[in-house]
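# Reading the structure
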Amino acid sequence: MSTFGSAFRVTTYGESHCKSVGCIIDGVPPGLALSEADIQVQLTRRRPGQSKLTTPRNETDNVTIQSGCEMGYTLGTPICLTVPNQDHRPHDYSETDLYPRPSHADYTYMQKYGIKASSGGGRSSARETIGRVAAGAVAEKYLAEVHGVEIVAFVTGVGPIQVSEPALQQLLGSVTREIVDATAVRCPDELTAPLMHDEIVSCSEAKNSTGGVVTCVIRNAPAGLGEPCFDKLEARLAHAMMSIPATKGFEIGSGFAGTHMRGSEHNDAFEADGKGGLRTLSNHSGGVQGGISNGQTIYFRVAFKPPATISQDQSTATYDGQGGVLTARGRHDPCVVPRAVPIVEAMAAIVLMDAVLQQNGRTATRQLLRPVPDELKAIKPF
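Residues numbered from 1 in each chain as written. Predicted model: local features only at pLDDT ≥ 70, side-chain atom pairs only at ≥ 80, totals over all residues. Heavy atoms only, no water.

## Structural notes on the pairing of strand β11 (residues 247-252)
- Within β11, five of the six residues are buried, which leaves the element mostly enclosed by the surrounding structure.
- Relative to strand β16 (residues 298-304), β11 is paired through five bridges, and the arrangement is antiparallel. Across the sheet, Phe 250 pairs through a bridge with Val 302, a residue of β16. (Buried < 20%, exposed > 50% of the residue type's maximum accessible area, 1.4 Å probe, protein only. Helix = DSSP H or I, 4+ residues; strand = E, 2+ residues; numbered from the N terminus. Pairing = 2+ DSSP bridges.)

Now the structure itself:
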């Protein structure tokens, strides 16, 4: 479906070559100071044509707030955000009327709906993520103002080139968006960033593509977020990240590397935090235990496959099964991870905002009841 979230609900709309793309957000608290400039920052980071590492499609991606705000403040009613498609060239995709692109969504969309968008990827296109990024910017502003939440994503892998684990762990505590955006590849590690840049350029010159990894860190997330059993915080994050086009993997905290460790090594022991609560001495859990945030830094990785549309001739078959050669045209990223950074941040913000509103509702209704006996109290509630 095209709607994500429960208390903070985001519905995206639009195809890659229609008149506009955008979203409707329901559940934004009233009284939040909000302007188009607050949203535009992230859309500009996502937009195409930023460097020779991305698609040359030239879109300004200027957002307009259509509803839900007056005099710079949210009303608590649905917010509609629109972004026009301007540099669309549907004639670049005439060959896909005959051939489904290998590893793209052309064939599966046709199998599901019996019809597909005649140009581009339709709803499977990365243009759909504009609505996500716009909604994420709104969520992020509330989270930052109320809880001091910081969300920073960055590239840690391009093809075979990966940021080392010691360097990654150091970045989790210090990386900022300004540091991330200092390079076109959006890798804050000065040793691997040039190698990643050259790898993407090499793929582009060879009319090929490559995959990569985006790591995301969330600082100052309140403890108590997540809804066991089926909406655990890491489950919602995984759902959100795996809904992004081209994603093929998700891991949180130690992830798959944790399977190589013993429990005595992997366990995150507690100590007093000096504020009446607890903190952990290590963070193999990635800030989530039992599906609920523990107040520590949340971090996770998202794997992206190589973009399916490449400019090389590919031997494949037509929709009716006749063998042939597909010569794809259009404008496409040789590697999606540099532009995926703000998309990952946006989906993380949407998940956290939804979780915060759910937990706030639980806390508010609990406070209307008689206080529980002292012997039943544990740590300070959220």
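## Digging into unusual backbone geometry
- At the junction of Pro 228 and Cys 229, the peptide bond is cis and its omega measures out at 10 degrees in the coordinates.
- Here Cys 229 shows up in the loop between β10 (212-219) and α7 (233-242).
- In this structure, Asp 61 takes a positive phi of about 55 degrees despite not being glycine.
- Structurally, Asp 61 is set in the loop between α1 (36-46) and β4 (64-65).
- Note on Asp 61: relative accessible area 0%, which makes it buried.
- Backbone geometry places Arg 186, a non-glycine residue, at a positive phi of 60 degrees.
- When you line up the elements, Arg 186 lands in the loop between α5 (177-180) and α6 (193-205).

## Comments concerning the environment of Arg 46
- Within the fold, Arg 46 resides in helix α1.
- Put simply, Arg 46 and Met 261 are 215 residues apart on the chain and 37 Å apart in space, counted from C-alpha to C-alpha.
- Apart from residues lying up to four places away in sequence, Arg 46 is in contact with Asp 61, Ala 126, Arg 127, Thr 129, Ile 130, Val 133, Arg 339, Pro 342 and Ile 343.
- One polar contact links Arg 46 to Asp 61, side chain to side chain, over a distance of 3.4 Å.
- Here the side chain of Arg 46 touches Ala 126 through a polar contact of 3.2 Å, landing on its backbone oxygen. (Contact = heavy atoms within 4.5 Å. Polar contact = N/O pair within 3.5 Å; in protein donor to acceptor, adjacent residues only side chain to side chain.)

## So, the environment of Ile 65
- Examined against the element boundaries, Ile 65 turns out to sit in strand β4.
- With a relative accessible area of 18%, Ile 65 lands in the buried category.
- Expressed as a C-alpha distance, the spacing of Ile 65 and Ile 39, which sit 26 residues apart in the sequence, is 9.4 Å.
- Each residue touching Ile 65, except ones within four places of it in the same chain, is listed here: Leu 34, Ser 35, Glu 36, Ile 39, Ile 79, Cys 80 and Leu 81.

## Describing the sheet that holds strand β9 (residues 161-162)
- Taken in spatial order, the five strands of this open sheet run β9-β8-β10-β16-β11, and their pairing is antiparallel. Edge strands, defined here as strands with exactly one partner in the open sheet, are β9 and β11.
- Bridge count for β10 against β16 is seven bridges, and the pairing is antiparallel. Residue pairing in the sheet places Ile 218 in a bridge with Ile 298 of β16.
- Strand contacts of helix α9 (residues 337-366): β8 (150-158), β10 and β16, with the helix running at about 145 degrees to β8, the strand carrying the most contacts. (Axes fitted to C-alpha atoms, helices over the stretch in contact; angles between N-to-C directions.)

## Quick look at the nonpolar core
- Core analysis: the biggest nonpolar cluster contains 85 residues, and Ile 25, Ile 39, Leu 81, Ile 218, Met 241 and Phe 300 have the highest contact counts within it.
- When residues in this core are grouped by element, the largest group, 16 residues, is from α9.
- Ile 218 has contacts with Val 149, Glu 150, Ile 151, Thr 297, Ile 298, Phe 300, Ala 348 and Leu 352, leaving out every residue within four places of it along the chain. (Core = buried A, V, L, I, M, F, W, Y, C linked by side-chain atoms within 4.5 Å.)

## So, the sheet that holds β4
- With antiparallel pairing, the five strands of this open sheet are ordered in space as β1-β2-β3-β7-β4. Of all strands in the sheet, those with a lone pairing partner are β1 (3-4) and β4, marking the two edges.
- Strands β2 (9-13), β3 (20-26) and β7 (79-84) of the sheet are contacted by helix α3 (residues 129-147), whose axis makes an angle of about 35 degrees with β3.

## Quick look at the packing of α1 against α3
- Following both chains from N to C, one finds α1 and α3 inclined at 140 degrees, their axes separated by 8 Å at the closest point. Taken together, α1 and α3 sit at an angle that is classed as oblique. α1 and α3 meet at a crossing whose hand is right-handed. Of the residues in α3, those touching α1 at Asp 38, Ile 39, Gln 42, Leu 43 and Arg 46 are Thr 129, Ile 130, Val 133, Ala 134, Ala 137, Val 138, Glu 140 and Lys 141.
- Within the contact of α1 with α3, the residues separate by chemical class into seven nonpolar, two polar and four charged. (Parallel < 35°, antiparallel > 145°, perpendicular 65-115°, else oblique. Left-handed = near helix turned anticlockwise from the far one by under 90°. Nonpolar A, V, L, I, M, F, W, Y, C, P; charged D, E, K, R; others polar.)

## Considerations on the pattern of salt bridges
- Using the criterion set out here, one finds 19 salt bridges in the structure.
- Close ionic contact of Asp 231 with Arg 236 constitutes a salt bridge, the shortest N to O distance being 3.9 Å.
- Given a relative accessible area of 34%, Asp 231 falls into the partly exposed group.
- Assessed through its relative accessible area of 16%, Arg 236 is described here as buried. (Salt bridge = Lys/Arg side-chain N within 4 Å of Asp/Glu carboxyl O.)

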